[in-house]
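Residue strings, one per chain:
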Amino acid sequence: MNELRWNPLLGTWIMVATARQNRPHMDENFCPFCPSSGNVRDYDVLKYDNDFPALMVAAPKIKKIKSVLYKNEMAYGKCEVILYSPDHKANLFELSDTHIEKIIDLWIKRCKTLSKNKKNKYIFVFENKGEEVGVTMLHPHGQIYAYPFIPLKLKTELDSAAAFYKKNRKCIICQMNEEEVKSKKRIIYENKSFIAYIPYFTDYPYGVFIVSKKHRPYLADHDSEEKSNLADILKVIEGAFDSLFNRSFPFMMCVHQCPVNSPEYKDAKKYFHMHIEFYTPLRAKDKIKYYASSESGAWAAANVALSEDTSREMVSAKLKYLAKSDIKKFKEQFFHEFQLLHGTGNEQIKIFKAPARINIIGEHIDYNGGYVLPCAINPGCYTGLRKRKDKNIVIKDINNSETIVLKANIFNKFNRKNTWSNYPAGVLNEFYRLGFKLNSGLDVLFFSDIPIGSGLSSSAAFTVSFAYGLSYFLGFFIDKKEIALLCKRAENNFVGVSCGIMDQFASALSKKGSAMLLDCANLNYSYIPFNMDNYVMVVIDSNKKRQLTESKYNERTRECKIALKILNKKIKVNNLCSITPAVFEKNKKLIHDEKFLKRIKHVIYEHERVKCAAIALKKNDFGQLGKLLVKSHISLRDNYEVTGYELDSLFEIAINQKGCAGSRMTGAGFGGCTINIVRKDCIYDFKKNVLEQYRKKTGLYPDFYVCEAEDGASEV
Ligand code: GLA
């Protein structure tokens, strides 16, 4: 049964389409939109007539209702599906620019064709993405509805635009663009033809609008340059959405343009212009903002966030997305944000990056003088630098609204209020201590896409990117090893964390495609090729946060010092890692305290495991490496006692998955991340199962990063 029924209270049509109730829920192994199904031909992009349409060209006849109040009409119109890509798992932002342009071309072609039918009054291009908005077909696609009436929301927008035009002789959307540009506060991204912002009045926290800069009433009015710029901005915004919470971000994307074949809106072209409205139901990673009673029943939206704040989050998500997908555009955007925050200026801006790290094995070993086996991974901390005319060092951070001002060449004091500023302040003090002088002030901008408190060494990346940047920008050219040491001193002496050298060393000196075998007793190091063939390294953030300074990290370093002192009564060694397992077993009766015994046991056997792991890695023996990882985690859990419920749950769940060769926590522990060696062909199920089971067990939503070994500190 298909018909239009009039809602006399709202004055609009309802599309009754009972066949839609029978839409199948797709099973995982069959997708009618994949060319392999035989249901569609091979394609790049494809228009496909909806199998369960609400509106039809050959609409079924209806029986007219006899009523004073009610009326009905035939459900004329058209419902089309626009298939974005033959790749079942692709997201729009993962497609090439030219491919996205093909989608836009197809939208336009269909809009033009559908407009020719005089019965169609409004052509609505849209996309529903994600299960949260009721998507049953996961294959990437959008849709087009050609309505035989102007839907109420669009009519309301058009009427407001007409009223505004009558008073101001101006298009309402052009005016909105002007106000947003003037305010600057809510702009996320722009290119030559389009601008993206979360408008002042948005009802969803992340409700981005993409608006044409020129007055373009229809999608079809854009020339080829504008179309390619539309592809660009769609890619950046949708990429940023998925980077925002590190998960597939559900949305409704709605293209608003002028109506067609509607004499009552014949002037709409003057006062209304094409734009895209995103309706985004998430208000946090795993929290939905429902369109509930006030919103649905009264059309009164209650927004839980300020669009000024969520726009800043989206700017950060944009940089995060670009840092991993398009480094050239990342640089452009970083410069742009730099000038927005620090003002424009003629002096050159340079950007330096220091990466995050994982430690493959050798945990809590560095401050005990043994071997560790870390490597750098892709997220990183970026430092932008520009000289100033005065002697101020003005420090800003994209993810933080506070500005810190320090004075060049004057030793800094610890800041209790803005604790993050102690990292750069500590680094500067170390430069002064070494006799380096700054010949000018600096504008500094930080951006980091390393999750804080996740055990991926966000603080070492922070100090190393700043120190390395300063050294190169100001022409000191300090050796990278010295940079690592200098940053360690800054953390030990100024910030107050008794960390070892591993993180700074890995962040400064890692090499792409290699792990680093570092002897922390003498800082000798070598690289071991890290080619994973059929495996991948999956880093999972438990999202149980910790902070090194507040954690029991310093307590463990103290315990090791005491244990060493006790053993030193009989065995003269400089550090715990100089003791072999055999010597330890012979002398362990010296330690009476069970706790100290467990700590030493971990350190000595973990040190052995690093040596075995280096051999396994050289042989590309991931089965063996995996076993060592598992032993390491068990020892960190039972002997060193630095894991905790969340990390242990992740570990247990992971090692029980098909294709997982090994798993363990990485970094200091007490929350943070695990690393997992997973067979490539099992990765999809691995992620799915771990996500489900971990959420069920802990209520937390984990993040997944598939990582490769990357280079250490460099200029971007
Ligand atoms: C933190 C410290 C490192 C190291 C690890 C544990 O990341 O900064 O020096 O001790 O914990 O292995």
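Cut-offs used in this document
Residues numbered from 1 in each chain as written. Predicted model: local features only at pLDDT ≥ 70, side-chain atom pairs only at ≥ 80, totals over all residues. Heavy atoms only, no water. 1 Å grid on protein atoms, 1.4 Å probe; cavity = no way out; pocket = protein on both sides within 12 Å on 5 of 7 lines; lining within 4 Å. Points joined across faces, edges and corners; volume = space filled by probe spheres on them. Helix = DSSP H or I, 4+ residues; strand = E, 2+ residues; numbered from the N terminus. Buried < 20%, exposed > 50% of the residue type's maximum accessible area, 1.4 Å probe, protein only. Pairing = 2+ DSSP bridges. Near = heavy atom within 4 Å. Polar contact = N/O pair within 3.5 Å; in protein donor to acceptor, adjacent residues only side chain to side chain. Nonpolar A, V, L, I, M, F, W, Y, C, P; charged D, E, K, R; others polar. Axes fitted to C-alpha atoms, helices over the stretch in contact; angles between N-to-C directions. Contact = heavy atoms within 4.5 Å. Expected span 1.5 Å × (residues − 1). Lys, Arg positive; Asp, Glu negative; His and termini not counted. Salt bridge = Lys/Arg side-chain N within 4 Å of Asp/Glu carboxyl O.

## Re the layout of surface pockets
Okay, step 1: Roughly 1700 Å³ of internal volume is contained in the second largest pocket.
Okay, step 2: Along its surface, the second largest pocket is lined by 48 residues, and Lys153, His256, Glu277, Tyr279 and Trp299 are the ones closest to its centre.
Okay, step 3: Mapped onto the lining of the second largest pocket, the elements with two or more residues apiece are strand S2 (12–17), strand S6 (122–129), strand S7 (141–147), helix H2 (152–168), helix H3 (172–183), strand S11 (251–256), strand S12 (275–279) and helix H6 (293–298).
Okay, step 4: Counting residues per element, the lining of the second largest pocket draws most heavily on H2, at eight residues.

## Quick look at the pairing of strand S17 (residues 374–388)
Okay, step 1: Across the 15 residues of S17, twelve count as buried, placing the element largely inside the fold.
Okay, step 2: Where strand S15 (residues 350–359) lies against S17, ten bridges are found, and the strand directions are antiparallel. The residue of S17 that forms the bridge with Pro355 is Gly380.

## A look at the site of the ligand
Okay, step 1: In the region of the ligand, the neighbouring residues are Arg357, Glu363, His364, Asp366, Tyr367, Cys499, Gly500, Met502, Asp503, Tyr553, Gly667 and Ala668.
Okay, step 2: At a separation of 2.5 Å, an oxygen atom of the ligand approaches a polar side-chain atom of Glu363.
Okay, step 3: In the environment of the ligand, an oxygen atom lies 2.5 Å from a nitrogen or oxygen atom belonging to the side chain of Asp366.
Okay, step 4: Across the shell around the ligand, the residue classes tally to five nonpolar, three polar and four charged.

## As for the sheet that holds strand S8 (residues 187–190)
Okay, step 1: Read across the sheet, nine strands follow the order S3-S5-S7-S6-S11-S12-S10-S9-S8 without closing on themselves; strand pairing throughout is antiparallel. Both outer strands of the open sheet, strand S3 (46–49) and S8, are each paired with one neighbouring strand and no more. On average, each strand axis in the sheet is inclined to that of its neighbour by 20°, with strand direction left out of account.
Okay, step 2: With five bridges joining them, S11 and S12 adopt antiparallel strand pairing. Paired with Val255 across the strands is Ile276, a residue of S12.
Okay, step 3: Here H2 sits on the sheet in contact with S6, S11 and S12, set at roughly 130° to S12.

## Some words on H2
Okay, step 1: Taking 1.5 Å of rise per residue, 17 residues should cover 24 Å, and H2 covers 24 Å from first to last C-alpha, within 8% of that figure.
Okay, step 2: Along its buried surface, H2 packs onto S2, S6, H3, S11, helix H5 (268–271) and S12.

## Quick notes on the environment of Glu308
Okay, step 1: Tracing the chain through its elements places Glu308 in helix H7 (residues 307–325).
Okay, step 2: Taking the C-alpha atoms as reference points, Glu308 and Tyr200, separated by 108 residues in sequence, lie 7.8 Å from one another.

## Considerations on the side chain of Lys353
Okay, step 1: Counting through the fold element by element, Lys353 comes out in strand S15.
Okay, step 2: In this structure Lys353 is buried but unpaired, with Glu710 as the nearest side chain of opposite charge at 6.3 Å.
Okay, step 3: Among the polar contacts listed, one links the side chain of Lys353 to the backbone oxygen of Asn378, at a separation of 2.9 Å.
Okay, step 4: Beyond its immediate stretch of four places on either side in the chain, Lys353 contacts Asn378, Pro379, Gly380, Cys381, Tyr382, Ser465, Ala713, Ser714 and Val716.

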